[in-house]
Amino acid sequence: MIDFKKQVVNCISEVVQNLEKEELERLVEIPPNYDMGDYAFPCFRLAKEFKKAPNLIAEELVEKIDGGKYFTEIKNVGPYINFFVNTNKLTETVLESVVEEKEKFGSTDIGKGRKVLVEFSSPNIAKPFHIGHIRSTVIGNSLYKIFKFQGFDTEALNHLGDYGTQFGMLIAAYKKWGDRKVIETDPINELLKLYVRFNKEAEEDESLREEARHWFKELEDGENEEATELWQWIRDISLKEFNKVYDMLGIKFDSYKGESFYSDKMPKVIEEMKEKDMLEESEGAMIVDLESYNMPPALITKSDGSTLYATRDIAAAMYRKEHYDFYKNIYVVASEQNLHFKQWKKVIELMGYDWANDCIHVPFGMVSLEDGKLSTRQGKVVFLEDVLNKAVESTLAIMEERNPDLENKEEVAKQVGVGAVMFQELFNNRIKDYVFSWGKLLSFEGETGPYVQYTHARANSLLEKGEFSLETKIDYSLLKENDEINLIRLLYKFPEIVVDSMEKLEPSFITRHITEIAKAFNKFYNSCPILSVEEELRNARLILVFATKTVIKTGLGLLGIEAPNRM
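Computed from a prediction, not measured in an experiment: that's the story for all the values here.

**Student:** Would you take a moment to explain the overall build of the protein chain for this structure?
**Tutor:** On a plain count of helices and strands, the protein chain comes out with 21 helices and 13 strands. With respect to the principal axes defined by its C-alpha atoms, the protein chain has extents near 85 × 70 × 40 Å. A buried classification covers 54% of the 567 residues belonging to the protein chain. In the protein chain, once contacts between residues fewer than 6 apart in sequence are set aside, the share between residues at least 24 apart is 74%. Computed over 73 positive and 97 negative side-chain charges, the separation of the two mean positions in the protein chain equals 2 Å.

If you want it as structure tokens, here you go:
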């Protein structure tokens, strides 16, 4: 596909010899609207060399620049040189590229030979997989797909919270009040009841917390068979429940190695810290002092010798570097863990490993309920499985009303309902906090997943009715209406948006861009007759429909959302 920005740089470099092409490319801007051109080059940077006002430089350079076949007009507006792309060339390069590359349009091989790990979701075993987990789950899944799309050898990791004092609490609670048969009928709810009851009673009886610490220590030492068997059972039944949700979301992981996997790898890490004289004793605990880096100390072991999150994350990172030799090790974890990530990454750096900089924390804002914060300890949660099921049921009810004869209604309702939940999560900038609302979630109007999916289905219907074939010869010059060209411009930008989304670790760029494509397509659909025009124009417009459908499907796929052909 023609890179028009590079062609702008080539034009400028012919008349400005004292700046490198890389710097010229950084200076090129996109005007606020197409009436001002497709690209603009500001001349402020040249004032010193030319010893003239920027507007005079722009006026002088415009006379010397030859736009050739790529630009139909080049004019100066004050201190800017504005470039107007040859829309025939634009149309031809975009549509031919989509036809040739199809679902690969926008992908590259920039990641070839480089390993990227994406750790996401990572719920705590024996606790509800609730609405608060959806952000890590869908943001991480999308980043995994985006990196894979750009040619990286990508692994999806689910770092299960299957270790820690919470397991001491669960084992203690189970031994006091648990019934195995009852728990197996509804594992997460029953285990949650035990967890909530234990925390409530521990507020009155401090000895219960001591009991929990004892059981976790027994589990960590690995010599108590009862503790190990109970832990394995709880992990297995929890993961079985979690997989119901992952199946609904269409998410798969390459590894479920949780915190427990690293339990036998921590002594070696702690020993290395001792050898490097990094550890200090503080009230019986072992710490790494980070005061000179404006951070509280990193706790490595408690006074009873048991480990903490930081220890396990350090051991996990070191294992991953040794095992995968990653290019990037990405962690999609809530922003409230910012300090934790800064601390353990600094410890790895102090151990002498410069790859600590390749461990990247991708923070996101928190989810709260309309009546306050989520709290597992108090039993105040909204189960993610319930959210997804309700979204699917509501979608099916709408379909029964609007299109009762639709084939595979249940399957489409699942694609649209689950897609609506995921799309909402990925539409806004990930760092923003938000309040979960059933009303907003189940509204299919406006900038939503169902709107974009419906646009895809509409495009598919047009292609079927028009008996579209990729073998048809197309006269691209027939596509010249404003609504056609504006849609083509958005399709042209898609590959750039995908790369930007990858570099900034921000899936919402793709979500918003395919929403704009859907809007532009519907505007084109309403203003430009497609099936009722003469054959050559119909074929040209149908290939634009095909390109739009293809890019929307690819974009939705990068978000982890399906694109139904009928709705």
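**Student:** What is the right way to read the packing of aromatic side chains from this model?
**Tutor:** Any two aromatic rings considered together are summarised by their centre-to-centre distance and by the angle between their planes. A complete count under the given rule lists 27 aromatic pairs for this structure. When the ring of Phe468 is compared with that of Phe546, the centres are 5.4 Å apart and the planes differ by 25 degrees; the resulting orientation is stacked. Of the two residues, Phe468 is situated in the loop between helix 18 (449-465) and helix 19 (482-503) and Phe546 in helix 21 (residues 535-558); the sequence distance between them amounts to 78 residues. Its relative accessible area of 13% is what places Phe546 among the buried residues. Grouped by ring-pair contacts, the aromatic residues Phe120, Phe129, Phe242, Tyr246, Phe253 and Tyr256 constitute a single cluster. Positioned above the aromatic ring of Tyr327 is the side chain of Arg114, whose terminal nitrogen or guanidinium carbon lies 4.3 Å from the ring centre. The ring centre of Phe326 lies 4.8 Å from the NZ or CZ of Lys321, which sits over that ring.

**Student:** Just checking my understanding: could you explain the pairing of strand 1 (residues 39-42) for this structure?
**Tutor:** Look at any regular strand and the pattern is simple: side chains alternate between the two faces of the sheet. Burial along strand 1 is two-sided: the residues Tyr39 and Phe41 and Ala40 and Pro42 are all buried. Taken together, the four bridges between strand 1 and strand 3 (residues 80-85) define a ladder with antiparallel strand orientation. Bridging across to strand 3, Phe41 finds its partner in Ile81.

**Student:** Help me understand the state of the cysteines in this model?
**Tutor:** Covalently bonding the sulfur atom of one cysteine to the sulfur atom of another cysteine gives a disulfide. Evaluation of the coordinates by the stated rule reveals zero disulfides. Between Cys11, a cysteine without a disulfide, and Cys43, which holds the nearest cysteine sulfur, the sulfur-to-sulfur distance is 13 Å.

**Student:** Would you mind going over the pairing of strand 7 (residues 285-288) with me for this structure?
**Tutor:** Of the pairings in the sheet, the one linking strand 6 (residues 279-282) to strand 7 comprises four bridges and is antiparallel in character. Paired with Glu281 across the strands is Met286, a residue of strand 7. Hairpin geometry of strand 6 and strand 7 is characterised by an intervening segment of two residues between the two adjacent antiparallel strands and by a positive phi of about 55 degrees at Glu283.

**Student:** Explanation requested: empty space enclosed by the protein in the structure shown.
**Tutor:** Empty space left among the atoms is revealed by rolling a probe the size of a water molecule over them. All chains considered together, the criterion is met by three cavities of 30 Å³ or more. For the largest cavity, the full set of lining residues is Phe4, Ile30, Tyr34, Asp38, Tyr39, Val85, Leu90, Arg489, Tyr492, Lys493 and Glu496. Residues that form the lining of the largest cavity fall into these classes: seven nonpolar, no polar and four charged. If you add up the space inside the second largest cavity, you get close to 50 Å³. Every residue lining the second largest cavity is listed: Leu157, Asn158, His159, Ser255, Lys257, Tyr262, Tyr319, Arg320 and Tyr324.

**Student:** Can you help me understand the sheet that holds strand 2 (residues 71-77) in this one?
**Tutor:** In a beta sheet, neighbouring strands pair by backbone hydrogen bonds and run either parallel or antiparallel. The three strands lie next to each other as 1-3-2, forming an open sheet whose pairing is antiparallel. Of all the strands in the sheet, the pair left with one neighbour each is strand 1 and strand 2. Averaged over all pairs of adjacent strands, the angle between their axes in this sheet comes to 20 degrees, without regard to strand direction.

**Student:** Quick question: what am I supposed to make of the packing of helix 9 (residues 187-204) against helix 11 (residues 225-249) here?
**Tutor:** In a pair of packed helices, the angle between the axes and the distance between the axes together describe the arrangement. For the pair helix 9 and helix 11, interaxial distance at closest approach is 9 Å and the crossing angle is 130 degrees. In terms of axis orientation, helix 9 runs oblique to helix 11. Contacts from Pro187, Ile188 and Leu191 in helix 9 reach Ile234, Ile237, Ser238, Glu241 and Phe242 in helix 11. Of the residues belonging to the contact of helix 9 with helix 11, the class tally is six nonpolar, one polar and one charged.

**Student:** I tried to follow the nonpolar core on my own but got confused; where do I start?
**Tutor:** Across soluble globular proteins, you tend to see nonpolar side chains buried next to one another. One finds Ile81, Phe83, Met273 and Ile314 to be the most contacted residues of the largest nonpolar core, which totals 184 residues. Counting residues per element, this core draws most heavily on helix 11, which supplies twelve residues.

**Student:** Even after reading the chapter, I still don't get unusual backbone geometry, so can you show me in this structure?
**Tutor:** When glycine is set aside, most residues are seen to have a negative phi, and most peptide bonds are trans. You will see that Lys51, though not glycine, has its phi angle at about 55 degrees, which is positive. Of note, Lys51 is situated in the loop between helix 3 (47-50) and helix 4 (54-64). Not every positive phi belongs to a glycine, and Asp325 is a case in point at roughly 50 degrees. Assignment of secondary structure puts Asp325 in the loop between helix 13 (309-324) and strand 9 (328-332).

**Student:** I would appreciate a short explanation of the layout of surface pockets in the present structure.
**Tutor:** In this structure, the second largest pocket spans a volume of roughly 430 Å³. What lines the second largest pocket is a set of 13 residues, among which Asp3, Lys5, Glu25, Tyr492 and Glu496 lie closest to the centre. Looking at the lining of the second largest pocket, the elements with two or more residues in it are helix 1 (4-13) and helix 19. Top contributing element to the lining of the second largest pocket by residue count: helix 19, with three residues.

**Student:** Honestly, the pattern of salt bridges in this entry has me stumped. Any pointers?
**Tutor:** Should their charged atoms come close, side chains of opposite charge can pair. A full pass over the atoms with the stated rule returns 34 salt bridges. The partner of Asp153 in a salt bridge is Lys115, and the shortest N-O contact between them spans 3.0 Å. A residue pair is termed long-range when its members are at least 10 positions apart, and Asp153 in strand 5 (residues 153-157) and Lys115 in strand 4 (residues 115-119) qualify at 38 residues. You can call Asp153 partly exposed: its relative accessible area is 40%. Among the salt bridges present, the one from Glu190 reaches Lys193, with a minimum N-O distance of 3.1 Å. Taken as a pair, Glu190 and Lys193 lie in helix 9 at a separation of three residues, close to a single helical turn.

**Student:** Which parts of the structure should I look at to understand the environment of Glu155?
**Tutor:** By the element assignment, Glu155 lies in strand 5. Put simply, Glu155 and Lys200 are 45 residues apart on the chain and 40 Å apart in space, counted from C-alpha to C-alpha. Setting aside residues no more than four positions away along its own chain, Glu155 makes contact with Lys115, Val116, Leu117, Val118, Tyr144, Asp254 and Tyr324.

**Student:** Help me understand the sheet that holds strand 7, please; the structure alone is not making it clear to me.
**Tutor:** A sheet is described by the order of its strands in space; here three strands give the open sequence 6-7-8, paired in antiparallel fashion. The open sheet has two free edges, formed respectively by strand 6 and strand 8 (298-301), since each of these has just one partner strand. In this sheet, neighbouring strand axes are inclined to one another by 45 degrees on average, regardless of whether the strands run parallel or antiparallel.

**Student:** I keep staring at the side chain of Gln453 and nothing clicks. Help me out?
**Tutor:** Turning to its location among the elements, Gln453 is positioned in helix 18. Owing to a relative accessible area of 0%, Gln453 belongs among the buried residues under this scheme. Among residues more than four places away in sequence, those in contact with Gln453 are Gln415, Val416, Gly419, Leu556, Ile561, Glu562, Pro564 and Met567.

Thresholds, definitions, all that
Residues numbered from 1 in each chain as written. Predicted model: local features only at pLDDT ≥ 70, side-chain atom pairs only at ≥ 80, totals over all residues. Heavy atoms only, no water. Helix = DSSP H or I, 4+ residues; strand = E, 2+ residues; numbered from the N terminus. Buried < 20%, exposed > 50% of the residue type's maximum accessible area, 1.4 Å probe, protein only. Contact = heavy atoms within 4.5 Å. Lys, Arg positive; Asp, Glu negative; His and termini not counted. Charge placed at Lys NZ, Arg CZ, Asp CG, Glu CD. Phe/Tyr/Trp six-rings, centres within 6.5 Å; stacked < 30°, edge-to-face > 60°. Lys NZ or Arg CZ within 6 Å of the ring centre and 35° of its normal. Pairing = 2+ DSSP bridges. Disulfide = S-S within 2.5 Å. 1 Å grid on protein atoms, 1.4 Å probe; cavity = no way out; pocket = protein on both sides within 12 Å on 5 of 7 lines; lining within 4 Å. Points joined across faces, edges and corners; volume = space filled by probe spheres on them. Nonpolar A, V, L, I, M, F, W, Y, C, P; charged D, E, K, R; others polar. Axes fitted to C-alpha atoms, helices over the stretch in contact; angles between N-to-C directions. Parallel < 35°, antiparallel > 145°, perpendicular 65-115°, else oblique. Core = buried A, V, L, I, M, F, W, Y, C linked by side-chain atoms within 4.5 Å. Salt bridge = Lys/Arg side-chain N within 4 Å of Asp/Glu carboxyl O.

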